[in-house]
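# An overview of the molecular structure
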Amino acid sequence: MTWDITGMAAVANVGATPGEIFAALCAGRESRRPLMAFDPDKYRAAYAYEIDDRPKDGGDIPRRATRWLTTVVRQAVADAGLGEDLSQVPVLVGTTMREQRSLELWWRDGADVALEDLHFGTALQGAFGASTTYTFANACSATLYALGMATDMIEAGMADTVVVAGTDSATESGFGTLDRVQNGIPDALRAVDTTHKGMLMGEGAAAVVVQRAGTGNGPVHARVRGVSMNCDANHATAPDPDGITHAVLDAYSRAGVRARDIDLVMLHGSGTPLNDATESSVLRRIFDSSGPGPRMTAIKAMTGHTLGGSGLLSLVMAVLAMKEGTVPPVLGLTDPIPEAAGLGLVQGSPAAGDLAIAQINAFGFGGINAVAIVEAAR
């Protein structure tokens, strides 16, 4: 069984539409900036991948994550040819921090934030009349978990159309925690490169409209073949190769594909030494006997880690890569880690090719793993 992706939208530090983001990824321009939201003197790391939409006179504003969420949902349903009345359409939101930044601003500066404003369902109800909303706080895998839930809802006959979205803004508590627990002090996110020192936060949102195959009114961007998810709970932060391997192989089983069928892998690629080494080692084993193997890239090297929405943002970029026959390079990748030896990492400039099936990885703290398999619409 497959499910059609009929609408897409995204916003990140490098663009306000999927096309703008994809073009920036292919151009390979450095996009990190000195930290804007918080006082950099308090932290070791001085950079982040923030969206530049704060007041020009400085300071921060609440509900930015909610604003991006309603924007990408509106754009995605328009792209799918749907109206903005979502009273009969479930909306599933993946996130890591929800509106925690707004809570910080209320606590620190007395910002005008009501309790109901901390729940995305309030804004979705007000903007679209959405009566069925769910929020998944499954760390970095949240939006792929939501995608799996959407396909289950459609298969179970609960809906013909589901909107899946994700959003996160940088929070000072999250940034500060990472700044203190990471061994290195990253000045850029350098996925699978020997210079990697850890992850840096990014900001953004993404949304897709998923519909029962053949029921949409417009063109199909791509098709979801299968989504796998698990929680191995092996360690609070360290990824477990067995849990990741199981997630990947289960995704292949659900999608009815083999390793040799995969043309493109969107790495989780968080830039942390443990994630990069574990993910690379697992993929080397899986693709060891599958011929030349797929092309691989990692967009967090340009967008930063957009947390709960990162899996869906990678999926949207994978769809565009298949449409364009072009894979963006991993920004800053010049010396791959030993564990990645032999993998088809795209370096330096975009790689061209016929791309029919893409694998999207998302791995979160606590062993919360998710893998999606998406097929180009031909």
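So, here is what we can say about the structure in this document. Each chain has its residues counted from 1, running along the sequence as written. In view of the model being predicted, local features appear only for residues whose pLDDT reaches at least 70, and side-chain atom pairs are presented and counted only at 80 or more, with totals across whole chains, interfaces and linings using the full set of residues. Where side-chain values are given, they derive from all heavy atoms of the structure, hydrogens and water being excluded.

## A word on the side chain of T143
A run of H or I in DSSP becomes a helix once it reaches four residues, and a run of E becomes a strand once it reaches two; helices and strands are each numbered from the N terminus. Along the polypeptide, T143 turns up in helix 5 (residues 142–155). Residues adjacent in sequence count toward polar contacts only when both atoms are side-chain atoms; beyond that, a polar contact is any pair of N or O atoms within 3.5 Å, and within protein one must be able to donate a hydrogen and the other to accept it. Separated by 3.0 Å, the side chain of T143 and the backbone nitrogen of L312 make a polar contact. Contacts are residue-level and defined by heavy atoms, with any inter-residue pair within 4.5 Å sufficient. With residues up to four places along the chain from it excluded, the contact list for T143 reads G94, V164, A165, G166, G308, G309, S310, G311 and L312.

## Quick word on the pattern of salt bridges
Any Lys or Arg side-chain nitrogen found within 4 Å of a carboxyl oxygen on Asp or Glu counts as a salt bridge. In this structure the tally under the stated criterion is 21 salt bridges. Between E172 and R101 there is a salt bridge; the shortest N-O distance is 3.8 Å. Remark: R101 occurs in helix 3 (residues 100–109) and E172 occurs in helix 6 (residues 172–181); sequence separation between them is 71 residues. Judged by relative accessible area, E172 falls into the buried class, the value being 14%. Any residue under 20% of the maximum accessible area for its type is buried, any over 50% is exposed, and the rest in between are partly exposed; the area is computed with a 1.4 Å probe on protein chains only.

## Quick notes on the packing of helix 2 (residues 64–79) against helix 4 (residues 120–128)
Think of each axis as a best-fit line through the C-alpha atoms, taken over the contacting stretch in the case of a helix, with angles from 0 to 180 degrees between the N-to-C directions. Running from amino to carboxyl end, helix 2 crosses helix 4 at an angle of 40 degrees, the nearest separation of the two axes being 10 Å. Between helix 2 and helix 4, the angle falls in the class oblique. Crossing of helix 2 over helix 4 shows right-handed handedness. Of the residues in helix 4, those touching helix 2 at A65, T66, L69, T70, V73 and R74 are F120, A123, L124, A127 and F128. Partitioning the contact of helix 2 with helix 4 into residue classes produces 8 nonpolar, 2 polar and 1 charged. Orientation labels follow simple angle bins: below 35 degrees gives roughly parallel, above 145 gives roughly antiparallel, 65 to 115 gives roughly perpendicular, and whatever is left gives oblique. Should the near helix be turned anticlockwise from the far one by less than a right angle, the crossing is termed left-handed; should it be turned clockwise, right-handed. Under the grouping applied here, Gly and all other residues not named as nonpolar or charged are polar, the nonpolar ones being Ala, Val, Leu, Ile, Met, Phe, Trp, Tyr, Cys and Pro and the charged ones Asp, Glu, Lys and Arg.

## Quick look at the packing of helix 7 (residues 241–255) against helix 8 (residues 273–286)
The packing of two helices is summarised by the inter-axis angle and the distance between the axes. The contact between helix 7 and helix 8 brings their axes to 10 Å, and the two run at 45 degrees. The angle between the axes of helix 7 and helix 8 places the two elements in the oblique class. The interaxial crossing formed by helix 7 with helix 8 has right-handed handedness. Listed contacts from helix 8 to P241, I244, T245, V248, L249 and Y252 of helix 7 are T278, V282, R285 and I286.

## Points about a nonpolar patch on the surface
Together, L103, W106 and W107 give the surface a local cluster of nonpolar side chains, amounting to about 400 Å² of exposed area. Structurally, the position occupied by W106 is in helix 3. Accessibility expressed as a relative area gives 44% for W106, which makes it partly exposed. Patches were defined on residues exceeding 30% relative accessible area and lacking a salt bridge, with like-charge contacts within 9 Å and nonpolar side-chain contacts (Val, Leu, Ile, Met, Phe, Trp, Tyr) within 5 Å. To be clear on the numbers: accessible area is Shrake-Rupley with a 1.4 Å probe, and residue cover counts the displayed protein chains and nothing else.

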